[in-house]
Amino acid sequence: QVQLVESGGGLVQAGGSLRLSCAASGLTFSHYGMGWFRQAPGKEREFVAAMDRRGDNTYYADSVQGRFTISRDNAKNTVYLQMNSLKPEDTAVYYCAAGLTSLRLTSVHGYDYWGRGTQVTASS
């Protein structure tokens, strides 16, 4: 059974930093592209960042480019999202996802498995 478990969310003041982790089990982690998405109340789930299976290519939403960094450790079956200079508009539930294809890593449709999410709140 595939499981993706996010951790590291919390409440932080605007300008602060958080590091999210997503631990994967039940799959061959190195075969999957990994992504982070977020969903604020009343809004659709949106792409944040993604990395292909080998870590050769990374993708970021314009809104987080230069502030967020995605990384992965295939030995630990874990993907990370370092979030710096957080803004109130970054407040959302953050989800990690795993996709066997690397063709649509910026789309929700490119992923096969999803975690349950972790809340991130940046207060002004």
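Before reading further, recall that the structure is shown in the block above.
Since the model is a prediction, treat every value here as computed from it, not as a measurement.

Q: What's the story with the pairing of strand β9 (residues 92-99) in this structure? I'm lost.
A: For a regular strand, side-chain orientation follows a simple rule: the groups alternate between the two sheet faces. With respect to burial, β9 is a largely interior element, 7 of its 8 residues being buried. As paired strands, strand β4 (residues 33-39) and β9 are joined by 7 bridges and run antiparallel to one another. By the bridge assignment for β9, Arg38 is matched with Tyr94. By the bridge criterion, 3 bridges tie β9 to strand β11 (residues 118-123) in an arrangement that is antiparallel. Note on β11: the bridge partner recorded for Ala92 is Val120. Strand direction decides the pairing type here: β9 and strand β10 (residues 113-114), joined by 2 bridges, are antiparallel. Opposite Ala97, over in β10, you have Trp114 as the bridge partner.

Q: Which parts of the structure should I look at to understand the packing of aromatic side chains?
A: Here the distance between the centres and the angle between the planes together describe a pair of aromatic rings. Throughout the structure, instances matching the rule amount to 5 aromatic pairs. Here a set of aromatic residues connected by ring pairs shows up, and it is made of Phe37, Phe47, Tyr111 and Trp114. In this structure, Arg19 packs its charged tip against the face of Tyr80, placed 4.0 Å from the ring centre. Directly above the aromatic system of Tyr95 lies the positively charged group of Arg45, at a separation of 3.7 Å from the ring centroid.

Q: Explain the state of the cysteines to me, please; I cannot follow it from the model alone.
A: When the sulfur atoms of two cysteines share a covalent bond, that bond is a disulfide. For the structure shown, the criterion picks out 1 disulfide. For Cys22, the disulfide goes to Cys96, at an S-S distance of 1.9 Å. Of this pair, Cys22 sits in strand β3 (residues 18-25) while Cys96 sits in strand β9, placing them 74 residues apart in sequence. According to the relative accessible area criterion, Cys22 is buried, its value standing at 0%.

Conventions used here
Residues numbered from 1 in each chain as written. Predicted model: local features only at pLDDT ≥ 70, side-chain atom pairs only at ≥ 80, totals over all residues. Heavy atoms only, no water. Buried < 20%, exposed > 50% of the residue type's maximum accessible area, 1.4 Å probe, protein only. Helix = DSSP H or I, 4+ residues; strand = E, 2+ residues; numbered from the N terminus. Pairing = 2+ DSSP bridges. Phe/Tyr/Trp six-rings, centres within 6.5 Å; stacked < 30°, edge-to-face > 60°. Lys NZ or Arg CZ within 6 Å of the ring centre and 35° of its normal. Disulfide = S-S within 2.5 Å.

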